[in-house]
Structures are given as structure tokens and as C-alpha cells.
Amino acid sequence: MLANYIKIALRTILRQFEIFTIQFVHGDPSNALSEPFSVVITEETAQRYFGDENPIGKTLLYDYQHPFTITGVVRSFPPQSHFHFDFIASMESTKSLFPPVMFEHWGNIWLYTYVLLSPDTEAPALEQQFAGFMEQHMPEAARMINLQFHLQPVTDIHLRSHLDIELEANSNIIYIYIFTIIAIFILAIACFNFINLTTARSASRSKEIGIRKTIGANRPQLIRQFIGEAIVITFIALLLGILLIELMLPWFNNFTGKTLSLSSFTNGVALTGLLGVVLIVGFGAGIYPALFLSSYRPVEVLSGKSSSGNARNHALLRKGIVTFQFAISIALIASTIIIYNQLTFMRTKDLGFDKDRILIVKLNNSGARQQFEVLKESFLNHISVLKTAAASHVPPEQLSSWRIRHESEPSDRFELINVMSVDYDFIELMDIDIIEGRNLSRQFAVDEHEAILFNEAAVKHFGLDRVIGARFDLFQGLKEGTVVGVVNNFHYESLHSEIMPVFLHIWPQWYSQILLKIRPENIQQTVLDIQEIWQAHITDWPFEYRFLDEDFDRVYRSEERFGQLVLYFSILAIFIACLGLFGLASYSTQQRTKEIGVRKVLGASVSTIVMLLSKEFTKWVLVANLIALPVAYYVMNRWLQNYAYRIEIGFDVFLFTAAVAFIIALVTISYQSIKAALANPVESLRYE
Amino acid sequence: MLRTINLKKLYTTEEVETTALNNVNLEVQEGEFVAIMGPSGCGKSTLLNILGLLDNPSGGEYNFLDYEVSKHTERQRANLRKSNIGFVFQSFNLIDELTVFENVELPLLYLGYSGSERKQRVEKVLEQMEIAHRRNHFPQQLSGGQQQRVAVARAIIAKPKLILADEPTGNLDSAHGEEVMKLLTELNENGTTIIMVTHAQMYAEYAHRIVHLFDGHIVSENILKTQTAV
């Protein structure tokens, strides 16, 4: 039965247009990729190569020598797809392009297999049969490299796959959760402000309520009125919100590199959802003030009294609300600081090599690859080029891995180890330390074929007594390797990943780039000169270059954006919370006008009064800190687990956050408290 | 003790200028008990506020304990005020959130007395005012008469030379009013100078002298009895 599924999987590769909804502009989906050397291209690609002509039947040359016939033109995948392409070639063609070992050995995991399950198939049930399947068909491979198969839904790949080598760099669902929670919190802060300010300012409406009740309104009618008002206000806020989105989207898209548009809201589900939010928010924010306001007794209200015991309970609720709002803001401040600390840590951490001023020129065709020595030589002649080297991969690129075996192990005991193919000059150019043995060297004739370097992690992995001179079988007999030196654990990947074992060896057919260490002066001119040198040798391929430090920066860009967004949200949350605090402070000082007057008459100075008023809020901000900081610690610690190399969250972060919160709170209430303290007590005591 | 010369107070809003006090000349000797009477809006409370160093006059001179204070800053007035003047208000003006003990303690707090001394003096005054058993109650748990006793206790706790009472009996029934007047008389007999604003003739008659104020002027003075020797 299982064999059937695998057949389906294979057919999927051949007939992928039946699985993916790809829209054909030209050509026949059913047989577009059935022949070897047929290729389907996107509309953009067709436009680039052929302009407005119909490209069907025309040929494209792959790497000088392999003509592919165009059998179809399709629309590009939408941006949210988990992978994108310019060309899709038929599976059959690869058999002529790649060595047979790529197809014959189960351990060669370079294919992505998509399986279309029948509607009544349970994925977990199918997954359970994989082990038995492997045991039956590929016992050797399963044992050799600890291979496992598992299924994941296509729609989960972008956000939920944490696998290393997906087709495109993925995002993480945790960011969606974090921003959803932040959004809910900010909405909650705003709702609380509404509740707080509505009840605090209830005095201004008490007369209206008294009159309405006197002329016959009953309580449910008033409750309906107040909730209705809240929902109307929320709806107006929704309209303003949509307007804000419209205004800010260009900036936001630019900032995030996404192409979001307001049109995502114009479907029935989203609109219903938004209206639902309006009702929930309006009701949630309106219910308490409605109950509170409608409970006024007309006689008391109209005679200017208010029941004070009740007022005390409400005051407690208001303070609780402000505390909660501040707790949210404090958690956001602490998180922002921690994110920025981690980013700074990643940017400044010693990577074990020098990433500055390294220009990378891509060997983007076989002609350039064949004459890489000549190119290196010519580049080196330039006055601004200090060193040159060639390599298959440059940090932080994802490395390939080879199956390697120590000579003392049985012939089926392989380990899957990362490999970098480099030339003699690589280690020196990158300024990587040799901590044992020696570097790869032209002085030893055997180095070209045999010498390998281990990093410390590889040494530890194999646990050999004497690592220098240890001999390995590389790629199942493809090559013999002898360890001649050990390099330090340099970060050949980003700091997300732990440094894994890696070996470096000479393997010119894999070199894909030339590295140039250049002088810091006149970098632009240097790049132009290098391009000229390239063009003198390679006439039919463009000059492609980049800088190594920029590659590293790019790896952390999504984190940087994340940090910035959290920062903006923190500022927004703090601002809204401060509005609430300001309102509460003005209400509270107004309530205490008489007390302040009495205290001043009895000799209290302005500063004592300011202190008195501030002390009360200080207490609540302290409580907010106690709630928020453990939560921030927990959440950010979880986030930091994404990084193999991360900061420790220090106590100083929390101390600093608490101080910032206190300062913000004090500044916010200072206006009210200083105003109250400076007021002439005669005014407040004149007559009751 | 105090003397005003041509004391003036103007209230200016954007449109109107109201004269609250106009050329008030008043002298009060140490140990005297003076009642100020007059209809609403005649300037009684304004005068009391200036005499009590809560407000500055717009013109004229005010000598208090040999200081010319009419040009004093808020801070200078506060310093002079807190050790020399006690206040009793019509509406008591006790702080609702503080207990009886804490209300009475307040002036000593601002004068910087130590905790033990505060406790000792507050206990003594509470005994004297016969409200010691209520020391841990909040003002709203007390009757009006009891609240005014607390207010008087607070006014005398710092042993001021002068007590200013703004309609101290205004919110009390006659029995409690009588009681408060007796308290004030007692304090006066022990040497404290008292200036009291009142509407009620019967309470004004406790004083040595009644000053009648009308439209910001002193219109007449009645001497009822001579001051007992201090």
C-alpha cells in the first residue's frame, strides 16, 4: 500500500502542474514537462528574454551547452507562496546534467517531494508507515546518516517549518503571535482608557442622567444608550483606522519589504470580522461605564452629592486599569531593550574571522570557474586588492554536507558533515586562526588531493586521540582526506545556529566565488576596476558582486525590523497608557483639591504636595513593574531560544526599564500635580 | 500683634474688577478676641485670608508680629504661617482619607517634629478636646461637633499665637456651636489671640470686640468688654 504513495510522490514531480495551481498563459499543462530538456518559464522571464513574442518552441541555453526548449509560459506565484521560480525544467533533464550518484543513492536528499493526499488520508497515519518503508527499501541509508521522512502541509511551510534548507528563507509563526498579542494589548489599553475616562468624567454627565431618570428613563434604557454610544465611537474609530492604514501602508510595505494592500479587507469574511471587532470592543469598553453611569440616583445627582463608598471602589478599579496599562507598556519596553541588546550582540560578536572589506565576485558560469586562477591573479594585480581566494561557500551561506568516514570505522558507518571547498589562500584571507597543525599549502603536493582542515567542533565530534594525520573516506570513496590542521570555531553560519562540525578541502570544481580583501579607500572605484578586469576575461556573463559584511547584515534584517516594529508599538502603547494616566491624574488631583488646599494652609510646601501626589502613582507603577517584568523575562527568554548564540537577560535591563517607567509616569502626572500644588489654597477652600 | 494700614484687595477677571477690600485699617492686640461680622460678600473671608497669610493684599500695608508681610513671597508667608497661625473653617476641612489622629498630626509633620514628640502632643490635645477615644476614626464617622473639635485640635496643635476661625459654628446646631465657642473662649483666656468671622450675633458676643464690615469697608466697631490681662 505504501508503495502506492511513493509512486504518487514520484508522479508528482513529473506532473507537478496537477498538484500546484499554476496558471498557464501558453502551452499545455498536461505534457509541458514530460520530455527531457523542456522548460516552462514565467511571464516575466519570457518578457525579459523574448519581449512580446510568443516564446513557445524557442530554446534557452543553460550554462553554455544545454539547450532547453520552452514548452510553456505561466504566471508567477503570488508573493505569499513559499517558493518562487523563473524556470521549471523537467525532471528528466537533470539525469543528463547531474552524476548518476545523485539519483542512485537514497542518502542524496536534494529533492523536495510534494505529496497530494486523497481527502480521506490522515497524514499522521501515513507518517507512521515511513519507518517501515525505509527499513524495507533503504535500510543502509537509514542507518548511515540517520535519515527520517516526515510530512508537513504546504501552507505551514512558510511560518511553521523550522527546517534548515527550505526552498526559501522562511518566517516564523512566533512573530505573528507576538504582533497579534501586542495588537490586542494596545486595543485593550485604548479600551481601558475609554472606560477610565468615561467613568472619571461621569460627573459631567451626571446631571443629564439625573434629568433623564427624573423624566422617566429606566436603567436598561440608559444602559442601551451608553453602550450604543460606545459602539458608535468604536465604529468611527474603525473608519479612522482604515484611513490610517491607507495612509501608512506605503511606508509599512517599504519598511517590511512586503506588498500588503487594503484590498485584503474587502472580502466578506474580513469585513464581518472587523464589524465583529467593533461590536466586541464597543460592548466591552461600554458596558462598565454604562452600568456605572446608569446607577446614579437622580436625587443625589441633582443635589450635587455622590455616594462616596461607591466612588472608592471605582477609584480602585481605575487604578487597577492604569496599573495594567503600565504593565503592558513596561513589558514592551523591556522586550525592546532585550531585542536591541541581542541585535547588538549579533552585530558585534567576534565571528572567528574578519568579515570587513571582503568583496565577493560570483563565478556564475563554467567558463569563469575554469579560469578562476587567472581571474584571481588579475584581480590581485590591482593596487587596492590585498588578497584573493576562491571558495564554494562564503559565510553565512548554507553549506552542503558530505558523508565522511574515519578509516577505522566499518565501511557503512558514515557521518554527514558540512563541507567548504576552498583554495590555499582562503584561511589567510578570512583571517581564520589555525589552532593546531598547519594551513593548506602549495608546498605540499598532496594537499591538492588529500589535505583537509577540521574545525574544533569536528574534532570534538569524532573524538580522536590524535586528529592531525587522521585519515577519512570522503563521499563514499570519491576522495581520500588527511587532516593537516584544525581551525577555530568560526561562525560560518549566522548566530541563529550553533557551530557544527565542518571540514575544508581543496576542490576546484565546486568553487563558486572569488573573495577579494580590498583596501578601505575608494571602494567604489575598486569595484569598478574589478568589473573591468572581469569583463576583460569574461565577455558573455555579467559581473556579479556583493560584500560579505552586508550578507551578514542581511541575515539579521528581519530581526532588525522586528525590533523596530516592537519599538514603534512600545511607543504607541506608552503614549496611550500615558493618556490614561494623565486623565486619571487630572481626575485624582481634582478629587483631592480640598485636601491639597488644607495641607497647604497647614504649611505643606509645593514640593511636599507634588511628592504626595506622585507617591500614590509611584506605588501603582511599582506594582505594574512587578507584574510586567517576569512576563517580559519569560517571553523574551523564549524568543532568545531562536539563537544558538544569545545574550543573558541581565537584571540591569529590568532596573533600567523600571526607571524609565517611573520617569515616564512622573513626567506624565507632574503637570497635574504641580498645577494642583501651585494653586492658591484660598480658591479651593473658599466655600464648599 | 497685627495691624493693617489702608489694606486693599482687588479681584480682576478679564472684564470686571471687583474691590473686595477698600482701605481697611484694623489693629488687633495680642490676647484679643475679635469677631468680624457683615453680610455675604462684604469681604470678611478675603480679610481673613490676608490676615492668615494665605493671600497677599493688592495694596496697603500689613504688619504681622512686627514683619511687614504684604510683599512676602508664598514661601515666606508659609513659613510664618505654619508656626504662628491656626485655622478653623466652617466646613471643618478635615482630610477624609486620614484618621482623627493623622489630621491633627499634620501641622507638626510640616513643622518637622519627631515622631515621638508628635504622638505625645497629639495625644495631649485630643485629651484636651475630649475626642481621644475617636483617634482612629475617620472624619466621616464623626458628628459635626466632633469634627469641629478635631479641626480646633488641629488648629492649636502647633501652639499658634493667632487662631483664625471662619464661621466655625456655621455648620453646627446651637448646642454644638455653643460648645465650640466655649472652646475658643477657653483658648483665648489662655492667651491665644482669636479672630473669628461669623454671621451670628449670639456667637459674636463671645468676643471682646465686634468689627462690622460692609462692601469692603470697616463701618463700625463695638467694644463689648475689655481684654483680660495676659
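Rules and cut-offs
- Residues numbered from 1 in each chain as written.
- Chains lettered and ligands numbered in written order.
- Predicted model: local features only at pLDDT ≥ 70, side-chain atom pairs only at ≥ 80, totals over all residues.
- Heavy atoms only, no water.
- Helix = DSSP H or I, 4+ residues; strand = E, 2+ residues; numbered from the N terminus.
- Rg over C-alpha atoms; globule rule 2.2 N^0.38 Å.
- Lys, Arg positive; Asp, Glu negative; His and termini not counted.
- Charge placed at Lys NZ, Arg CZ, Asp CG, Glu CD.
- Contact = heavy atoms within 4.5 Å.
- Buried area = accessible area lost by both parts, 1.4 Å probe.
- Salt bridge = Lys/Arg side-chain N within 4 Å of Asp/Glu carboxyl O.
- Nonpolar A, V, L, I, M, F, W, Y, C, P; charged D, E, K, R; others polar.
- Pairing = 2+ DSSP bridges.
- Axes fitted to C-alpha atoms, helices over the stretch in contact; angles between N-to-C directions.
- Domains from an automatic or database assignment.
- Phe/Tyr/Trp six-rings, centres within 6.5 Å; stacked < 30°, edge-to-face > 60°.
- Buried < 20%, exposed > 50% of the residue type's maximum accessible area, 1.4 Å probe, protein only.
- Disulfide = S-S within 2.5 Å.
- Bend = angle between axes of the 7 residues up to and from the residue.
- Parallel < 35°, antiparallel > 145°, perpendicular 65-115°, else oblique.
- Left-handed = near helix turned anticlockwise from the far one by under 90°.

*Asks:* It is not clear to me how the overall build of chain A should be interpreted in this structure. Could you clarify?
*Replies:* Of regular secondary structure, chain A possesses 25 helices and 16 strands. In terms of C-alpha radius of gyration, chain A reaches 34 Å, well past the compact-globule figure of 26 Å for 688 residues. Across its three principal directions, the C-alpha atoms of chain A cover 105 × 60 × 55 Å. Distance between charge centres in chain A, computed from 55 positive and 66 negative side chains, equals 18 Å.

*Asks:* In this structure, what is going on with the interface of chain B and chain A? I would like to understand it.
*Replies:* Counting residues at the interface gives 23 residues for chain B, matched by 18 residues for chain A. In this assembly, chain B packs against chain A so that about 1900 Å² is buried in total across both faces, 55% of it on carbon and sulfur atoms. Here chain B is connected to chain A by 0 salt bridges. Contributions of two or more residues to the side of chain B that touches chain A are made by helix 1 (44–51), helix 2 (74–84), strand 6 (85–89) and helix 3 (100–111) of chain B. Split by residue class, the side of chain B that touches chain A holds 10 nonpolar, 6 polar and 7 charged.

*Asks:* Explain the sheet that holds strand 9 (residues 209–214) of chain B here, please?
*Replies:* Across a sheet, paired strands are connected by hydrogen bonds in the backbone, their directions being either parallel or antiparallel. Residue and element names in this part refer to chain B. Reading across from one edge, 6-7-8-3-9-10 is the order of the 6 strands in this open sheet, with mixed pairing throughout. At either margin of the open sheet sits one strand with a lone partner, and together these are strand 6 and strand 10 (217–223). Between one strand and the next, the sheet's axes are offset by a mean angle of 20°, whatever the strand orientation. On top of the sheet, helix 6 (residues 174–189) reaches strand 3 (33–37), strand 7 (162–166) and strand 8 (193–197); it is set at about 150° to strand 8, its chief contact.

*Asks:* Got a minute to help me understand the domain arrangement of chain A in this structure?
*Replies:* Often the size quoted for an interface is simply the accessible area lost on bringing the parts together. According to the domain assignment, chain A contains domain 1 (8–160), domain 2 (173–347 + 557–685) and domain 3 (358–552). Here the C-alpha centre of domain 2 of chain A lies 52 Å away from the C-alpha centre of domain 1 of chain A.

*Asks:* Just checking my understanding: could you explain the packing of aromatic side chains for this structure?
*Replies:* All names here are of chain A. One pass over the full model with this rule turns up 37 aromatic pairs over all chains. Here Phe 77 and Phe 83 contribute two aromatic rings whose centre-to-centre distance is 5.2 Å and whose plane-to-plane angle is 65°, an arrangement assigned as edge-to-face. One exposure class covers both Phe 77 and Phe 83, and it is buried.

*Asks:* What should I look at first to understand the pattern of salt bridges in this one?
*Replies:* Once their charged atoms are close, side chains differing in charge can pair, the charge on each being opposite to the other. All names here are of chain A. On inspection of all chains with the given rule, the structure shows 27 salt bridges over all chains. Among the salt bridges present, the one from Arg 592 reaches Glu 595, with a minimum N-O distance of 3.1 Å. The residues Arg 592 and Glu 595 share a single accessibility class, namely buried. It is possible to trace a salt-bridge network through shared partners that takes in Lys 319, Arg 592, Glu 595, Arg 599 and Glu 616.

*Asks:* How do you make sense of the sheet that holds strand 4 (residues 59–64) of chain B when you look at a structure like this?
*Replies:* All names here are of chain B. Taken together, the 4 strands give an open sheet; going across it, the order is 2-1-4-5, and neighbouring strands pair in antiparallel fashion. Every interior strand has two partners, whereas the edge strands, strand 2 (17–28) and strand 5 (67–68), have only one. Relative to strand 2, strand 1 (residues 2–12) runs antiparallel, the two sharing 8 bridges. Counted as the bridge partner of Leu 10 is Thr 19 from strand 2.

*Asks:* How should I be thinking about helix 2 of chain B in this particular structure?
*Replies:* Within helix 2 of chain B the residues assigned to the buried category are B:Arg77, B:Ala78, B:Leu80, B:Arg81, B:Lys82 and B:Asn84. Packing partners of the buried residues in helix 2 of chain B comprise helix 22 (593–601) of chain A together with strand 4, strand 5, strand 6, helix 3 and strand 7 of chain B.

*Asks:* Even after reading the chapter, I still don't get the state of the cysteines, so can you show me in this structure?
*Replies:* One covalent bond between the sulfur atoms of two cysteine residues makes up a disulfide. Residue and element names in this part refer to chain A. Tallied over the full model, the rule gives 0 disulfides over all chains. With no disulfide of its own, Cys 578 has Cys 191 as its nearest cysteine by sulfur position, at a separation of 18 Å. Assessed through its relative accessible area of 13%, Cys 578 is described here as buried.

*Asks:* Hey, could you run me through helix 11 (residues 219–256) of chain A in this one?
*Replies:* What sets the pattern is the α-helix's 3.6 residues per turn: residues three or four places apart point alike. All names here are of chain A. When the local axis directions of helix 11 are compared, the greatest deviation, roughly 50°, occurs at Met 248, which is followed within four positions by the proline Pro 250. Taken together, the buried positions of helix 11 are occupied by Leu 222, Ile 223, Gln 225, Phe 226, Ile 227, Ala 230, Thr 234, Leu 238, Leu 249, Asn 253, Phe 255 and Thr 256. Once helix 11 finishes, Gly 257 follows within two positions and takes phi at roughly 75°, a positive value.

*Asks:* How should the packing of helix 3 of chain B against helix 4 (residues 115–128) of chain B be read in this particular structure?
*Replies:* All names here are of chain B. The contact between helix 3 and helix 4 brings their axes to 10 Å, and the two run at 125°. What the angle tells us is that helix 3 and helix 4 run oblique. Crossing handedness for the pair helix 3 and helix 4: right-handed. Here Val 100, Phe 101, Val 104, Glu 105, Leu 108 and Leu 109 of helix 3 lie close against helix 4, whose contacting residues are Arg 118, Lys 119, Arg 121, Val 122, Glu 123 and Leu 126. Counted by class, the contact of helix 3 with helix 4 contains 7 nonpolar, no polar and 5 charged residues.

*Asks:* Any chance you could explain the environment of A:Gln590 here in plain terms?
*Replies:* The topology assignment puts A:Gln590 in helix 21 (residues 557–591). For the pair A:Gln590 and A:Ser673, spaced 83 residues apart in the sequence, the C-alpha separation amounts to 9.8 Å.

*Asks:* What is the right way to read unusual backbone geometry from this model?
*Replies:* With the exception of glycine, most residues fall at negative phi, and the peptide bonds are largely trans. Backbone torsion omega between A:Pro395 and A:Pro396 reads 0°, so that peptide bond is classified as cis. Inspection of the secondary structure puts A:Pro396 in the loop between strand 7 (385–391) and strand 8 (400–406). For B:Leu65, which is not glycine, the phi torsion reads 50° and is therefore positive. Structurally, B:Leu65 is set in the loop between strand 4 and strand 5. At B:Asp215, a residue that is not glycine, the phi angle is positive and equals roughly 45°. As for its position among the elements, B:Asp215 is in the loop between strand 9 and strand 10.

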